[in-house]
Amino acid sequence: MEAGVVLLLLVAALSPASTANFYGDSISFMHPQRNNNGTFTVTFHHRHNGRSSCAFQSSLTCESGVCSVFDQSSVLQTDHDSTDQGKWCQSEQRTTAIVSTDGTSFSLRLTDLSGKTNWTSYAEVDLGIRSDSHNYNTCPVTTTMSSLRVPQNCFEKLQLLAYDPEGDHVRCSFAPGATLPSNISLDEAACKLTSTSQVKVGVHMFELMLEDFPTRNITLTYADGTSAFREASNMNASPLCKVKLQFSVEILPPIPNCEAGHVQPMFLSMTPSHGDVLYATVGKRYQLHAEAQAHHSSIYDFQVSGPQNMTKEFTDEVDGKAKLTLSWTPQHIDLYRFVPVCFTAETRETQSEMRCVVLMVTSADITQGKAAVECSANKMVVTLEKASMPGIDMNYLKLRDESCSLSSNDTHIIGIMSFRTCGTKLEDKGDFIVFKNEIKSFELPTEVIIRRRKIKISFSCQFPKTISISSYYRLHKSDYIFTESSFGSFSYAFEIYRDNKFSNKVEARAYPVEIKLLEPFYMGIQAQSELPNVKLFVESCKGTPDDNPENPIFYDIIKNGCIQDETLKIYPSDNTSFNFEVQAFKFTGNYEEVYITCSVILCDPVSPFSRCAQGCVSEAARRRRRRRGLGLETDSHNIIQGPLRFVPQDAPIAAMDDNSKSYFYNTKTQQSDLPVTVIPPPVLSDTKSGSGGWGIKEALSSSSSTVVFATLFLVSLVLMAALVRYFTSKRKAEDHKSLIGSSCED
């Protein structure tokens, strides 16, 4: 390598009998420090993954240059198999070496006391001062669990931790000379393993190399006075650092169901996102909380990869849930350290996804807080009150993506961003989609001292994915946001409208919407997508007596794209809207409310094979249909609206809204002037036209005419009864006369 590069070659030897005990290892470096005498202080932490024992013994020597061990801690076990079967363990050792170099590379060798080599690990660190940070480069931060397990039929991807403190590009690749795994590919940019076909049951070993490359043009200046230029994002240049990561994955026999949260545990919303950077302070206890759930299995423990002296607390809860609390107090020797922490939820059959975060150790408290966040269908607005944080300096705050700017006025700092920009992270948390970002302070490279408080304010928007919304919004909920890889972020708005113009929706405060039987009500669905050309397809709509779409009591309005209700009227609209009218109905029995659930899909409008293009299909055809084509359509998502509540037929109070020209039936009379339902009355034809006559509609709308009609109706009943009695008596008399005549003739 170039001058000024440190090569650390760590070689630990195990006895032949213990070779199978090696499950992998990782190395994380702190900033190298240049001493007054020209030597360098290099500090690194080495984590060792094993089976029955992780208390390996080693010694440190230099192969080139002059190296002396300044400090080497004891090997401390950080976690182990709680079943007492010795299936896995992990340990960590901290080593600080004093190295003298003439500007060329040198190597450190870590060997066990027996001198037998069974595995190697190494890192290459560039000792040039970066022109952007005026400091030495920091290597990518990574680690893994000691034991990674996944059922054969559930292995789709494995997301690894690859965090760079300077924000450099990190590239992952298979290490030179490593045995390439079968049926597994590596996404080098995302540092993610994916299966290309079925992977063989058993233990598979992986050796990866993590390399970082600057995202902006920089110059590296070395101790001997030389320098080197590095072009931004030039992945063909020499990396600033190389770190080797070794780990094993055990492929287990298949399980019946791979759905997250079924047998495989699923992390819940309180758990940090993968790749989050969290802050810990020297001398103060830091706690990290996580929660997982498995509906059809039992979580008995959490496996943790963390620093020495980190403790974990396991709490078993109801409904298949379990909580993890990690506690750690950083010491002064940990100052400015980037500490990788990973964890999984363990069951007897399998484990959850591996989730990893990075703890940044600081000397003083980071000011953390929550901002006021407004979430809409495709963006979020964060507002921070200046008065709540005295001394805050707007000029030294940024979002995750520095290219996005914050604005301010006299009282507040404001940030506006879409869910796809400004470094916003997306996380799928089971029943929710969460979009997360943060406002944090930064320092200028030229600053020697600062007197500003450090700031970190996290904020997020959380939306339900599939909906039984009563737990979140009892009265009204119209917006639903989803994200899929081929379609990005998209949303649906589901509203009840006042009339068939579909421009005046019922306000949220008017819910539950009161309606009258047999009268039409109007609903509309609108889709919004980041893609410019999509088509909305409503595959089904049904009514239920509550907000549970899976209620066995239901009534189909649309099914498999086919109209089921004869009163359904669909109004013309554009590609991303669906407006319809249905005659009001209620369920038999003691049910007074109706919720409407629709299953909706977005499609590529030019695809002839999408679900949108198929339209109405039979149930058999729907079952035979192949799995949706990638990129042609989204998954089917449920959206729900309601409740619709029925008012008595015999006591409506009618009031005309001059703006909407619709009738509202207000059962609250004097309690509220707000119209609570949108029910136009039936249209009746006139039987008499002309300026001098009354039609039936006009007659019925007059209160005085009601008495006249009632009197006429009673009189007609009396006359009809008299006529019936008269003709009956006359018929009997004629019959009697006929009988007498016939008897005389005889």
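Scoring rules and cut-offs
- Residues numbered from 1 in each chain as written.
- Predicted model: local features only at pLDDT ≥ 70, side-chain atom pairs only at ≥ 80, totals over all residues.
- Heavy atoms only, no water.
- Helix = DSSP H or I, 4+ residues; strand = E, 2+ residues; numbered from the N terminus.
- Buried < 20%, exposed > 50% of the residue type's maximum accessible area, 1.4 Å probe, protein only.
- Contact = heavy atoms within 4.5 Å.
- Areas by Shrake-Rupley, 256 points an atom, 1.4 Å probe, with all protein chains shown as cover.
- pLDDT = per-residue confidence, 0-100.
- Disulfide = S-S within 2.5 Å.
- Core = buried A, V, L, I, M, F, W, Y, C linked by side-chain atoms within 4.5 Å.
- Pairing = 2+ DSSP bridges.
- Axes fitted to C-alpha atoms, helices over the stretch in contact; angles between N-to-C directions.
- Salt bridge = Lys/Arg side-chain N within 4 Å of Asp/Glu carboxyl O.
- Phe/Tyr/Trp six-rings, centres within 6.5 Å; stacked < 30°, edge-to-face > 60°.
- Lys NZ or Arg CZ within 6 Å of the ring centre and 35° of its normal.
- Polar contact = N/O pair within 3.5 Å; in protein donor to acceptor, adjacent residues only side chain to side chain.

## Remarks on the overall build of the chain
- Broken down by element type, the chain carries 4 helices and 50 strands.
- The buried share of the chain, taken over its 746 residues, is 47%.
- For the chain, long-range pairs separated by at least 24 residues make up 71% of all intrachain contacts whose partners lie at least 6 apart in sequence.
- Carbon and sulfur atoms make up 51% of the accessible area of the chain, which amounts to about 36900 Å² in all.

## Some remarks on the confidence of the model for the chain
- Of all residues in the chain, 70% attain a pLDDT of 70 or more, and the chain-wide mean is 77.
- Low confidence marks residues 466-476, where pLDDT is under 50. Its contacts with residues over four positions away, or in another chain, come to 23 contacts.

## With respect to the state of the cysteines
- The full count for this structure, using the stated rule, is 8 disulfides.
- With a sulfur-sulfur separation of 2.0 Å, C342 is cross-linked through a disulfide to C356. Taking the sign of the torsion about the S-S bond as the criterion, the disulfide between C342 and C356, at about 110°, is right-handed. Residue C342 is found in strand β27 (residues 338-346), and its partner C356 is found in strand β28 (residues 355-362); the two are separated by 14 residues along the sequence.
- Disulfide pairing places C603 opposite C612 at an S-S distance of 2.0 Å. Here the disulfide of C603 and C612 is right-handed, its torsion about the S-S bond being about 85°. In terms of burial, C603 and C612 fall into one category: buried.

## Topic: the side chain of E633
- Residue placement: E633 occurs in the loop between α2 (619-624) and β48 (637-646).
- For E633, a relative accessible area of 3% translates into the label buried.

## Observations concerning the nonpolar core
- Core analysis: the largest hydrophobic core is formed by 37 residues, its most contacted members being Y492, I525 and I596.
- Counting only elements with at least two residues in this core, the list comes to β39 (488-497), β40 (513-515), β41 (520-529), β42 (535-544), β43 (555-559), β46 (577-583), β47 (593-603) and β48.
- A total of 6 residues in this core trace back to one element, the largest contributor, which is β47.
- Every residue in contact with I525, bar those within four places of it in the chain, is listed here: Y492, A493, F494, L536, V538, T576, S577, F578, N579, C598, V600 and I639.
- Core analysis: the second largest hydrophobic core is formed by 30 residues, M145, C172, L186 and V249 among them.

## Observations regarding the sheet that holds β42
- Strand order in the open sheet formed by 6 strands is β40-β48-β47-β42-β43-β44, and the pairing between neighbours is mixed. Lying at the two open borders of the sheet, with one neighbouring strand each, are β40 and β44 (562-563).

## Examining the environment of C422
- Checked against the element boundaries, C422 lands in the loop between β34 (412-418) and β35 (425-429).
- Between the C-alpha atoms of C422 and L399, which are 23 residues apart in sequence, the distance is 6.6 Å.
- Beyond its immediate stretch of four places on either side in the chain, C422 contacts L399, R400, D401, C404, M417 and N437.

## Some details on the sheet that holds strand β16 (residues 192-195)
- In spatial order, the strands read β13-β16-β15; together these 3 strands make up an open sheet with antiparallel pairing. Both outer strands of the open sheet, β13 (157-159) and β15 (184-187), are each paired with one neighbouring strand and no more. Averaged over all neighbouring strand pairs, the angle between strand axes comes to 20°, with direction disregarded.
- The pairing of β15 with β16 spans 4 bridges and is antiparallel. Paired with I184 across the bridge in β16 is S195.

## Describing the pairing of β46
- With 6 of its 7 residues buried, β46 lies for the most part within the structure.
- Relative to β46, β41 is paired through 7 bridges, and the arrangement is antiparallel. Bridged to M523 within β46 is F580.

## Points about the pattern of salt bridges
- In total, this model carries 24 salt bridges according to the counting rule given.
- Ionic pairing is found between D276 and K436, a salt bridge with its closest N-O pair at 3.1 Å. Taken together, the positions of D276 in the loop between β21 (266-267) and β22 (277-281) and K436 in strand β36 (residues 432-441) put the pair 160 residues apart, joining distant regions of the chain. The pair D276 / K436 is uniform in exposure class, with both members buried.
- Here E438 makes a salt bridge to R400, at a shortest N to O gap of 4.0 Å.

## What about the environment of S491?
- Locating S491 in the fold gives a position in strand β39.
- C-alpha separation for the pair S491 and Y480, spaced 11 residues apart in sequence, amounts to 5.3 Å.

## Remarks on unusual backbone geometry
- Along the chain, Y511 connects to P512 via a cis peptide bond; the corresponding omega equals -5°.
- Positionally, P512 belongs in the loop between β39 and β40.
- Even without being a glycine, H134 presents a positive backbone phi close to 55°.
- Mapped onto the fold, H134 is located in the loop between β11 (129-130) and β12 (148-151).
- Phi angles above zero are rare outside glycine, and L518 is one such case at about 75°.

## Things to note about the packing of aromatic side chains
- On inspection of all chains with the given rule, the structure shows 12 aromatic pairs.
- Arranged with centres 6.0 Å apart and planes meeting at 80°, the rings of F40 and Y136 form a pair that is edge-to-face. You can see F40 sitting in strand β4 (residues 40-50) and its partner Y136 sitting in the loop between β11 and β12, a full 96 residues away along the chain. No difference in accessibility class separates F40 from Y136, as the two residues are buried.
- The interplanar angle of 65° and the centroid separation of 5.1 Å between the aromatic rings of F502 and Y571 together place this pair among those described as edge-to-face. Highlighted residues: F502 in the loop between β39 and β40 and Y571 in strand β45 (residues 569-571), separated in sequence by 69 residues.
- On the accessibility criterion, Y571 (14% relative accessible area) is buried.
- An aromatic cluster is built from Y497, F502, Y522 and Y571, whose rings are joined through pairwise contacts.
- If you follow R348 out to its NZ or CZ, it ends over the ring of Y300, 4.2 Å from the centre.

## Examining the side chain of Q303
- In this structure, Q303 sits in strand β24 (residues 301-305).
- Among the polar contacts made by the side chain of Q303, one reaches the main-chain amide nitrogen of S147 at a distance of 2.8 Å.
- A polar contact of 3.2 Å, which involves the side chain of Q303, links it to the side chain of E346.
- Excluding anything up to four places from it in sequence, Q303 contacts D79, W88, M145, S146, S147, K312, C342, F343, T344, E346 and Q351.

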